[in-house]
Amino acid sequence: MKKLIYSLFVLFFITSCQNSNLTEKEKFIDNLISQMTIAEKAGQMNQYNGFWDATGPMPEGDYQKKRYNELKNGQVGSMLNVIGVEEIRALQKIAVEETRLGIPLIFGHDVIHGYKTMFPIPLAESSSWDLELMQKSARIAATEASADGLNWTFAPMVDISRDARWGRVMEGAGEDPFLGSLIAKARVRGFQGEDLSEVNTIVACAKHFAGYGFSEAGRDYNTTDFNHYTLHNTIMPPFKAAVDAGVRTFMNSFNTLDEIPATGHKHIQRDILKGDWNFDGFIVSDWGSIDQMIPHGFASNGEHAAELAVIAGSDMDMESSLYVSKLVGLVESGKVNEELLDDAVRRILRVKYELGLFDDPYKYCDQDRSDSELGSEENMMVALDAAKKSIVLLKNDNGLLPLKKQNQKIAIIGQLANDKNSTLGNWRSQVEYNSAVSVVEGMKKYKGNKTIYQKGVDLYYGETNFHNRVKINFKDKSDFGKAKLAAATSDVVIMVLGEEGHQSGEGRSRTNIDLPGLQKELLKEIKKVNKNIVLVVMSGRPLDLTWEDVNIPAIVQAWQLGSKSGDAIAQVLYGDYNPSGKLTMSFPRNVGQVPVYYNFKNTGRPSTSIEQVTNSGYADVENSPLYSFGYGLSYTEFKYSDFEISSSTMTKDSKINASIRVTNTGNYKGEEVVQLYLRDIVGSIARPMKELKGFEKIELNPGESKIVNFEIENSLLEFYSYNNVWESEPGKFHVFIGTDSNVRDHKEFYLTN
Ligand code: NOJ
């Protein structure tokens, strides 16, 4: 390190006069780059997965030794999945003390919905529509991860997704670009904090750039097919929002778009992201995605793949080993201009500099912090709050919920009710196994009632983990009888059914999105003996709940809610928290309806009933989803009235105020997400039937009412038009304000020139 600092000091001195316009940061980086060999530059662009227990014996085996030598030779710039202060310190020491230039490593990990304190999976948390809360949970995740040595997370995933078959919907914020953009900003701000050089902040990563959420037929890693208006109007906004919020890294994606693998897509990476949007952080490839351009049929071999990726603007190679092995040759042969490497390295060093790694490469390696800051009670309380706010009440006939607190016999049925692991969600690698509060535990805290638990049926068997398929039970019904008996002798039955936490997530696409295994059969059997059923659905995606909607009186969507899951569910079921979540992704009537989303285009033959034959509808189900975007019930009722807009015309420079009175007409205090939608009636391209353009979450006591105001200004009317620019177009607009995206009542205004 001393060696490096001395030589840098000399270089600073010599060059500072020449570079007087550059900031200290850029001068430092330029000077460092000027000392680097091509191999060292390629090294900075190389990221390896943890390959060796650095606090244990020397690496064994050719592959590990090769990587170890590369690390010592300054040919590794970053590592992922190295966990814990001691491991990270040991590897950082090699980079800093044994390499020629002593450039520190940046350590990345998928800190997606918590680290030791687990928050709801992102799709669930987005249902809270509570941006402050999402920023806070990302802040806590960053505090915990940084206390454990990490300084970079591969989050947030800001992919818009409309297809519940795609397992990764759990990691995003649903189907809407407006809400998705606000959530992207909140999460980036949460992870990165005010100042990246603070020890409790980490670098965020907007992923997956771009279009990954549109994988055909919901099959993970599949190709995509969408037009460039969809790219700009639907897919790009959350990425742009992340840039506006100061995100320092991007990850590209596995899919092709416009038939070109995203990793080799020069237009989106260089022209849009680094060009139009002025992004000066760096882009990491997704795992092996440079190498995967070969099977895509886009690159003929590893050398070609590295060449295409670096030219397209992929700055860091996650686990393909192609930059480290091919870039030197590519530069020497003249196929790749060394300036491209300089640009990539400059971006990477910039982020390392901003983290303060050049001042203190071990700043995140503080065992005391790690011992004291992970999973604190305070953090757990935020996880509980987030879990409660993420729950969506889908149905509640005859006020079955909230449950009475005294003298009730309650049967709790379903393997997931007693599961302390599944609800920790998909990205749960650092959390203690079986550490979540189960539903059974949460419910037992209410002592006034008698609870009895019966599994009823195994949803899955064996161990579940990130790399294996969850083994679903399709055979063993031997516990049905005991569950039926418990249900028959109870006042109310709580059925906790759904997916295991590893049934959604990466590589977890499903063609059937019913309740998996024998769970539905069990539900039907239980219904024969007791109709007072509350179905608590734990899932990482919207499931097909059409049968349940018809047959079960109360349905609670409880996702995978993290560490405090069972407490949150119990508090909602007992009414100590009045549910306020609203869906951010439509629930289809059946899998044949996907992709289904609220902001669709009208078509030339819109359908209003299944009886219409030559209209754009189905013969068997309506076009509308079972539960729409923005939908979610409360134990209380909200009445909307006095809808007004301040003017029926506006110009690009003026504003219109839209207001509505919301009254709590029920018996419980409750929160409501009041939603503003706009429709642009005629455009240079066909426009969506409705687009969310604002919302406010309000809390009202019974009998209380509040006027909610929204300001409509030109920026809300803009879209990526036929002219290939963001602009508004004069004409007629409809304004809707309501409780969900089904709202029909509207006012009209004109945008004039
Ligand atoms: C592949 C996933 O697509 C990406 O989201 C994740 O960050 C990387 N693996 C690293 O684990």
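Here the structure is a predicted model, which means the values were calculated and not measured.

Regarding the nonpolar core
- Membership of the largest hydrophobic core comes to 140 residues, with the highest contact counts inside it found for Phe 250, Met 443, Ile 494, Met 495, Val 534 and Leu 573.
- Two domains each provide a minimum of three residues to this core, namely domain 1 (38–370) and domain 2 (389–593).
- Sequence-distant contacts of Met 495, defined by excluding residues within four places in its chain, comprise Ile 413, Leu 522, Leu 523, Ile 526, Ile 533, Val 534, Leu 535 and Val 536.
- Judged by nonpolar contacts, the second largest core, of 45 residues, contains Ile 33, Phe 154, Ala 306 and Leu 327.

Things to note about the domain arrangement of the chain
- Taken as a whole, the chain is organised into domain 1 (38–370), domain 2 (389–593) and domain 3 (638–751).
- Between the C-alpha centres of domain 2 and domain 3 there is a distance of 35 Å.
- Each partner contributes residues to the interface: domain 2 has six residues there, and domain 3 has nine residues.
- Sorting the residues of domain 2 by area buried against domain 3 places Asn 578, Ser 580 and Lys 582 first, and these three jointly supply 71% of that buried surface.

Remarks on helix α15 (residues 377–390)
- The end-to-end C-alpha distance of α15 is 20 Å, a good match for the 20 Å that 14 residues give at a rise of 1.5 Å each.
- Of all 14 residues in α15, ten are buried; the element is thus mostly enclosed.
- Regarding α15, the residues found buried are Asn 379, Met 380, Val 382, Ala 383, Leu 384, Ala 386, Ala 387, Lys 388, Lys 389 and Ser 390.

A few points about the pairing of strand β17 (residues 533–538)
- The buried fraction of β17 is high, at six of six residues.
- Side chains Ile 533, Leu 535 and Val 537 project from β17 onto one buried face, and the interleaved Val 534, Val 536 and Met 538 project onto a second face that is buried too.
- Across six bridges, the pairing between strand β16 (residues 492–498) and β17 is parallel. Counted as the bridge partner of Val 496 is Val 536 from β17.
- Viewed along the sheet, the connection from β16 through helix α18 (residues 519–529) into β17 turns out right-handed.
- The pairing of β17 with strand β18 (residues 554–557) spans four bridges and is classified as parallel. Of the residues in β18, the one forming a bridge with Val 537 is Gln 557.
- With helix α19 (residues 546–551) bridging β17 and its parallel neighbour β18, the resulting β-α-β unit is right-handed.

Details of the sheet that holds strand β5 (residues 205–209)
- Across the sheet, which stays open at both edges, the three strands sit in the order β5-β6-β9 with parallel pairing between neighbours. With partners counted over all chains shown, the strands left at the sheet margins are β5 and β9 (282–284), one partner each. Looking at each pair of strands side by side, their axes are set apart by 30 degrees on average, direction ignored.
- In this sheet, strand β6 (residues 249–252) lies alongside β5 in parallel orientation, the contact comprising four bridges. The residue bridging Lys 207 from the neighbouring strand is Met 251, located in β6.
- Relative to the sheet, helix α9 (residues 228–244) contacts β5 and β6, its axis offset from that of β5 by approximately 155 degrees.

Examining the pairing of β18
- Where burial is concerned, the two faces of β18 agree: the one with Ala 554 and Val 556 and the one with Ile 555 and Gln 557 are both buried.
- Sheet analysis places strand β11 (residues 392–396) next to β18, joined by four bridges and oriented antiparallel. Of the residues in β18, the one forming a bridge with Val 392 is Gln 557.

Structural notes on the site of the ligand
- Taken together, Leu 80, Asp 110, Phe 154, Arg 168, Lys 207, His 208, Met 251, Phe 254, Asp 286, Trp 287, Met 318 and Glu 506 make up all the residues around the ligand.
- Residue Arg 168 places a side-chain N or O atom 2.6 Å away from an oxygen atom belonging to the ligand.
- Within the side chain of Lys 207, a nitrogen or oxygen atom sits 2.8 Å from an oxygen atom of the ligand.
- The protein chains hide 95% of the 300 Å² of surface that the ligand would expose on its own.
- Counted by class, the shell around the ligand contains six nonpolar, one polar and five charged residues.

Some points on helix α4 (residues 62–72)
- Regarding α4, the residues found buried are Arg 67, Tyr 68, Glu 70 and Leu 71. The buried side chains of α4 occupy one side of the element, clustering within an arc of 160 degrees when seen end-on.
- Phi turns positive one or two residues past the end of α4, at Gly 74, with a value near 75 degrees.

Reading guide: rules and limits
Residues numbered from 1 in each chain as written. Predicted model: local features only at pLDDT ≥ 70, side-chain atom pairs only at ≥ 80, totals over all residues. Heavy atoms only, no water. Core = buried A, V, L, I, M, F, W, Y, C linked by side-chain atoms within 4.5 Å. Buried < 20%, exposed > 50% of the residue type's maximum accessible area, 1.4 Å probe, protein only. Domains from an automatic or database assignment. Contact = heavy atoms within 4.5 Å. Buried area = accessible area lost by both parts, 1.4 Å probe. Helix = DSSP H or I, 4+ residues; strand = E, 2+ residues; numbered from the N terminus. Expected span 1.5 Å × (residues − 1). Pairing = 2+ DSSP bridges. Right-handed = clockwise from strand over helix to strand, strands pointing away. Axes fitted to C-alpha atoms, helices over the stretch in contact; angles between N-to-C directions. Near = heavy atom within 4 Å. Polar contact = N/O pair within 3.5 Å; in protein donor to acceptor, adjacent residues only side chain to side chain. Areas by Shrake-Rupley, 256 points an atom, 1.4 Å probe, with all protein chains shown as cover. Nonpolar A, V, L, I, M, F, W, Y, C, P; charged D, E, K, R; others polar. Arc of directions from axis to C-beta.

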